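Topology and contacts: notes
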Amino acid sequence: MNIYHISAECYPVAKVGGLGDVVGALPKYLNKLGHNARVVIPAYRNAFFEKTTYETVHHGKLKLGHFIFPYSVLKVSGHEFNYELYQIAIPELFDRPNIYSYEDDTERFLSFQIAFLNWLVETNQYPDILHCHDHHTGLIPFMVQHCYNYQNLRQTPTIITIHNGQYQGWFGHDKLHYIPSFDLYNIGYLEWGGNINCLASGIKCAWKVTTVSPSYLDEISNRANGLENLLRWERPKSMGILNGIDVDVWNTKTDPLLQANYSIKDFKKGKAKNKAYLCEQFNLDPSKPLFTFIGRLVNEKGADLLPHICSMALNQHPQEICILMLGSGDSNVERELEGLKNFYHGYYNTYIGYNEKLAHILYAGADFLLMPSRVEPCGLNQMYALRYGSIPIVRRTGGLRDTVLDMGDGGFGICHNEASVSDVCHAITRAVDLYHNSSAFDAIRKEIQLIDHSWDRVAEEYVSVYQSLKK
């Protein structure tokens, strides 16, 4: 099958979160199964763009309301992605370094979707599947079905995967004229809650809706920032497929970012070397259990709780634990986390920002990973931690519920029910007790490295979905 994945992100080209990791990995594993999966994202003016060689495969013009924008379809060359990667260049809208957070994001991502469909029509392409990811590509299923320009693609099956249902791509009716011409009788397919809602439109019009974990599908049917009734109505065509991780990238034996590589046979020695490096760099005690948080410092991740969690845990276990935080986001949280360094010298430190190399070393060197998420559609960090032998401490929500079973229930992680300071600190106390039970601690660390969260299994599930739509 010929499959296009259309997305705002794709690792390692442009990534903010898990969306980029998924789109950067799934196509490779689909191709391993004998299909032809391709990825299309915008051409951001970032570091990857500046150092990459491209082949221009198409030039065209798109109409956005009263504006005309030239666009080019660029095929990435000189990189081994194991799939074809295309970037659509619309200079006036995407010649900027960041992916999101511009005032004209509506115009940017709508123009990207129009340019993509124009390219297919103008080059007489008829893919077997159009796989859209999140609201940034959520209008493609509508446009394929209802816009006059794209009637040749009307029989092309479309799928939308919801990576995070809290963000929906709302805009007002004053921008309705940006969308290529269609019969206004069908405007209901675009509307939800008094606005044009890109994610809602994708859910209504796509042939299939998937979420990135089974539990998240259940959760958003009851809590989805206003889309609950729609998701319940569309439940018959919806399914949750748990994300995987790229085990070629996340491989302790070959990961070039680690200070010391290791296998299941010598993991204690390898993890100790990575931990020693971290403790030397950040002035921590390697003999103490090392807790870490890796990710965006935003409310969804429970980041506002982290300063209080750290101070309470360090007070409850004085000179018994070490904490190292890696992330960026809310400036108040950043400031509070930085301020704690003044009080817990030698047992606490932070790195404010994004550092891929440090993240890999943390997964390898830390003993425990904190994920007190309020919302976690799938979560990949806990899978990386498991793969690298670090025990996740997670709230039972979304994909965390699907991937981490509490050690008290015969599992291998430490789970808590609420996103609260007290619940997390109680979990940390359980972790400290486990750390001092060396035989149980090492047994769990060995066990979790053998859990299979690879994309091979996930890709087969998606192929089954694609094939069901082609019958």
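For the structure, check the block above.
Throughout what follows, the structure given in this document is the object of discussion. Remember, predicted model here, so these are calculated numbers, not experimental data. Residue positions are given per chain, counted from 1 along the sequence in the order it is written. Whole-chain, interface and lining totals are the exception, using all residues; otherwise, since this is a predicted model, local features are given only for residues with pLDDT of at least 70 and side-chain atom pairs are given and counted only at 80 or more. For side-chain calculations, the full set of non-hydrogen atoms in the structure is used, while hydrogens and water are omitted.

Topic: the sheet that holds strand β15 (residues 348-352)
Two strands pair if DSSP finds at least two bridges between them. Strands here mean DSSP runs of E at least two residues long; helices mean DSSP runs of H or I at least four residues long; both are numbered from the N terminus. Taken in spatial order, the 6 strands make up an open sheet running β15-β14-β13-β16-β17-β18, and their pairing is parallel. With one partner strand each, in any of the chains shown, β15 and β18 (414-416) form the two edges of the open sheet. Between one strand axis and the next, the sheet turns through 15° on average, direction left out of account. Here strand β16 (residues 368-371) runs beside strand β17 (residues 391-395); their pairing, made up of 4 bridges, is parallel. The partner of Leu370 across the bridge, within β17, is Ile393. All axes here are fitted lines through C-alpha atoms, helices being fitted over the stretch that makes contact, and every angle between N-to-C directions spans 0 to 180 degrees.

As for the pattern of salt bridges
The term salt bridge refers to a side-chain nitrogen of Lys or Arg lying within 4 Å of a carboxyl oxygen of Asp or Glu. One pass over the full model with this rule turns up 24 salt bridges. For the salt bridge of Asp246 with Lys28, the shortest nitrogen-to-oxygen distance reads 2.8 Å. In this pair, Asp246 sits in the loop between β12 (238-240) and α9 (267-282) while Lys28 sits in helix α1 (residues 18-32), placing the two residues 218 residues apart along the sequence. Accessible area is worked out with a 1.4 Å probe on protein chains only. A residue is then buried under 20% of its type maximum, exposed over 50%, and partly exposed in between. Look at Asp246 and you get buried, because its relative accessible area is 10%. Among the salt bridges present, the one from Asp128 reaches Lys470, with a minimum N-O distance of 3.3 Å. Of this pair, Asp128 sits in the loop between α4 (105-122) and β6 (129-133) while Lys470 sits in helix α17 (residues 455-470); the two residues are 342 residues apart in sequence, bridging distant segments of the chain. Look at Lys470 and you get partly exposed, because its relative accessible area is 41%. Within the structure, one salt-bridge network assembled from shared partners comprises Lys28, Asp246 and Asp248.

Looking at the sheet that holds strand β4 (residues 67-77)
One open sheet accounts for 9 strands, arranged β3-β4-β5-β2-β1-β6-β7-β11-β12; its pairing is mixed. Both edges of this open sheet fall to β3 (53-64) and β12, since each of them pairs with a single strand only. Strand after strand, the sheet turns through a mean of 25° between neighbouring axes, direction not considered. In this sheet, β4 lies alongside β3 in antiparallel orientation, the contact comprising 11 bridges. In the sheet register, Lys61 faces β4, and the bridge partner there is Pro70. Residue contacts are defined here by distance: any two heavy atoms, one from each residue, within 4.5 Å place the two residues in contact. Sheet strands in contact with α4 are β1 (2-6), β2 (36-42), β3, β4, β5 (84-89) and β6, and its direction is about 105° off that of β3. Against the sheet, helix α6 (residues 198-205) contacts β7 (158-162) and β11 (208-211), and its axis sits at roughly 135° relative to β7.

Quick look at the pairing of β5
When you tally the buried positions in β5, you get 5 out of 6 residues, the bulk of the element. Strand direction decides the pairing type here: β2 and β5, joined by 5 bridges, are parallel. Within β5, the residue paired with Pro42 across the bridge is Ile88. Of the strand pairs in this sheet, β4 and β5 are connected by 4 bridges, and their pairing is antiparallel. Looking at the pairing, Leu74 lines up with Gln87 of β5. In sequence, β4 turns back onto β5 through a hairpin of 6 residues, with Gly78 there showing a positive phi of about 85°.

Topic: the nonpolar core
Residues belong to a common nonpolar core when they are buried Ala, Val, Leu, Ile, Met, Phe, Trp, Tyr or Cys residues joined through side-chain atoms within 4.5 Å. Of all hydrophobic cores here, the largest spans 92 residues; its most connected members are Leu30, Phe291, Tyr348, Tyr363, Phe368 and Ile428. If sequence neighbours within four positions are ignored, Phe291 has contacts with Ile321, Cys322, Ile323, Leu324, Phe368, Leu370, Ile393, Ile428, Ala431 and Val432. Tyr4, Val40, Ile88 and Leu231 belong to the second-largest nonpolar core, a separate cluster that totals 60 residues.

What to know about the state of the cysteines
Disulfides are defined as cysteine sulfur pairs within 2.5 Å. Using the criterion set out here, one finds 0 disulfides in the structure. For the unlinked cysteine Cys198, the closest cysteine sulfur is that of Cys205, found at 11 Å. Owing to a relative accessible area of 7%, Cys198 belongs among the buried residues under this scheme. Here Cys310 is not disulfide-linked; the sulfur of Cys425 is the nearest cysteine sulfur, at 8.5 Å. A residue is classified by how much of its surface remains accessible, and Cys310, at 0% relative accessible area, is buried.

Some points on α1
In a helix, the anticipated span is given by 1.5 Å times the number of residues less one. End to end, α1 covers 22 Å across 15 residues, agreeing with the expected 21 Å (1.5 Å per residue, within 8%). Within α1, 12 of the 15 residues are buried, which leaves it mostly tucked inside the rest of the structure. Listed as buried for α1 are Leu19, Gly20, Asp21, Val22, Val23, Gly24, Ala25, Leu26, Pro27, Lys28, Tyr29 and Leu30. For α1, the secondary structure elements touched by its buried residues are β1, β2, β6, α13 (381-387) and α17. Count one or two residues on from α1 and you reach Gly34, which has phi positive near 100°.

As for the environment of Arg457
Mapping Arg457 onto the fold places it in helix α17. Reaching out from Arg457, the side chain makes a polar contact with the side chain of Glu461 at a distance of 3.1 Å. Think of a polar contact as two N or O atoms within 3.5 Å of one another; within protein, one of them needs to be a possible hydrogen donor and the other a possible acceptor, and neighboring residues in sequence only count if both atoms come from side chains.

Some words on the environment of Leu153
Along the chain, Leu153 falls in the loop between α5 (140-146) and β7. Linking Leu153 and Ser422, residues 269 residues apart in sequence, is a C-alpha distance of 54 Å. Ignoring anything within four residues of it in the chain, the contact list for Leu153 reads Leu117, Leu120, Val121, Gln125, Tyr126, Pro127 and Val144.

Side note on the layout of surface pockets
Taken as a whole, the second largest pocket spans an internal volume of roughly 340 Å³. The pocket and cavity definitions rest on a 1 Å grid over protein atoms only: a 1.4 Å probe that fits but cannot leave marks a cavity, an open set with protein on both sides within 12 Å along at least five of seven lines marks a pocket, and residues lining either have an atom within 4 Å of a point. Together, 23 residues line the second largest pocket, and Tyr11, Gly24, Lys28, Asp246 and Val249 are the ones closest to its centre. No other element matches α1, which puts 5 residues into the lining of the second largest pocket. Of the residues contributing to the lining of the second largest pocket, the split by class is 12 nonpolar, 4 polar and 7 charged. Grid points are joined across faces, edges and corners, and a volume is the space filled by probe spheres set on the points. Lys, Arg, Asp and Glu make up the charged group, whereas Ala, Val, Leu, Ile, Met, Phe, Trp, Tyr, Cys and Pro make up the nonpolar group; the residues left over, Gly among them, are polar.

Some thoughts on the pairing of β2
Side-chain positions along a regular strand alternate between the two faces of the sheet. For β2, the tally of buried residues reaches 6 of 7 residues, placing the bulk of the element in the interior. Pairing geometry for β1 and β2, over 5 bridges, is parallel. Among the inter-strand pairings, His5 is bridged to a residue of β2, identified as Val39.

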